[in-house]
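Each chain, letter by letter, is given below.
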Amino acid sequence: MVLVVGATGLVGGAICQKLAARGEKVKALVRATSSKERVEALRSSGVELCTGDLKDAESIAAACRGTDAVISTASSTLSRQPGDSIESVDADGQLNLVNAARAANVGRFLFVSFRRPPGFSFPLADAKERVENAIKSLNFTIIQASWFMEVWLSPALGFDYGNASARIYGAGTNPISWVSFRDVAEMCALGLRHRAAERSTIEFGGPEPLSPLDVVGRFEKIIGRPFKLDRVPESALLGQFEGATDSLQKSFAALMLGYSRGDAMNMPPVVDTFGIKLTTVNDYAHGVLGKAAAM
């Protein structure tokens, strides 16, 4: 039995579906307040449901009983409910899960983390690092993912491809290995049973490092017209980071600074080891532009 924590999120939901399709027995941790639509999607995929919350140590201990492996993607950053914070979910809540897994003698623990921008600390990075260190006493796998294209190259963060406009953080010239959340989910599903993933940290990005301006160029070529750019200088991002009054604001400002400074990765060794096919920015662009045109 594989317990997936964060199962109603982007990555967690995709992991559940991929594992169930492989014939794995999957148990999804959901909250009483979770989206009914997403919970029903899990149920219809043949996933067993259990109710709990990372902030409730007893419910987590119960969820871990009878479980052979845990995969955790949970975070308070994108899906936030009352009482959620980086401290209560990404730090203390995840540590509750690590302790429960250890007490239940869970054989495998996969943790989805992220590529931390070098040179400065911030609450989300510190929380992830604490959890990464805590699971190293287990048979662990850490997936450190680069910037998700479905998040950072979406209208929610100013990349409005439907209206040919894009917000560019910093100069926009530093390459990033933009990654699809679906590929991260596939890496988790593969890594669960792959010996090369055991007791290892896997730095994981997309197949082609592209600067934000390069990405804009790809979209412009597909739609046949120029984008309007909204530039946010790095000095403004630094001011936002230094002036942030809570941990979430400070962490988002840090992530925007990380975007501005780039995150180019060498992915062929990971592709060769695990035989995974990675989504390109062009694949993503054609997909979202096709959906936008159909609406």
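Residues numbered from 1 in each chain as written. Predicted model: local features only at pLDDT ≥ 70, side-chain atom pairs only at ≥ 80, totals over all residues. Heavy atoms only, no water.

Draft legend 1. Summary view of the pairing of strand β2 (residues 26-30). Most of β2 is tucked away, with 5 of its 5 residues classed as buried. Along β2, one buried face is formed by V26, A28 and V30 and the opposite face, lined by K27 and L29, is buried too. Inspection of the sheet shows strand β1 (residues 2-5) paired to β2 by 4 bridges, in the parallel sense. What sits directly across from V2, in β2, is V26. For the crossover that starts at β1, traverses helix α1 (residues 10-21) and ends in the parallel β2, the hand is right-handed. Pairing of β2 with strand β3 (residues 48-51), which is carried by 4 bridges, proceeds in the parallel orientation. (Buried < 20%, exposed > 50% of the residue type's maximum accessible area, 1.4 Å probe, protein only. Helix = DSSP H or I, 4+ residues; strand = E, 2+ residues; numbered from the N terminus. Pairing = 2+ DSSP bridges. Right-handed = clockwise from strand over helix to strand, strands pointing away.)

Draft legend 2. A look at the packing of helix α4 (residues 86-103) against helix α5 (residues 123-134). Viewed as axis vectors pointing N to C, α4 and α5 meet at an angle of 5°, and their least axial separation amounts to 9 Å. In terms of axis orientation, α4 runs roughly parallel to α5. From α4, I86, E87, D90, A91, D92, Q94, L95, V98 and R102 reach across to α5, where they touch P123, L124, A127, K128, R130, V131 and A134. Split by residue class, the contact of α4 with α5 holds 9 nonpolar, 1 polar and 6 charged. (Axes fitted to C-alpha atoms, helices over the stretch in contact; angles between N-to-C directions. Parallel < 35°, antiparallel > 145°, perpendicular 65-115°, else oblique. Contact = heavy atoms within 4.5 Å. Nonpolar A, V, L, I, M, F, W, Y, C, P; charged D, E, K, R; others polar.)

Interpretation in functional terms is not warranted from these geometric data alone.
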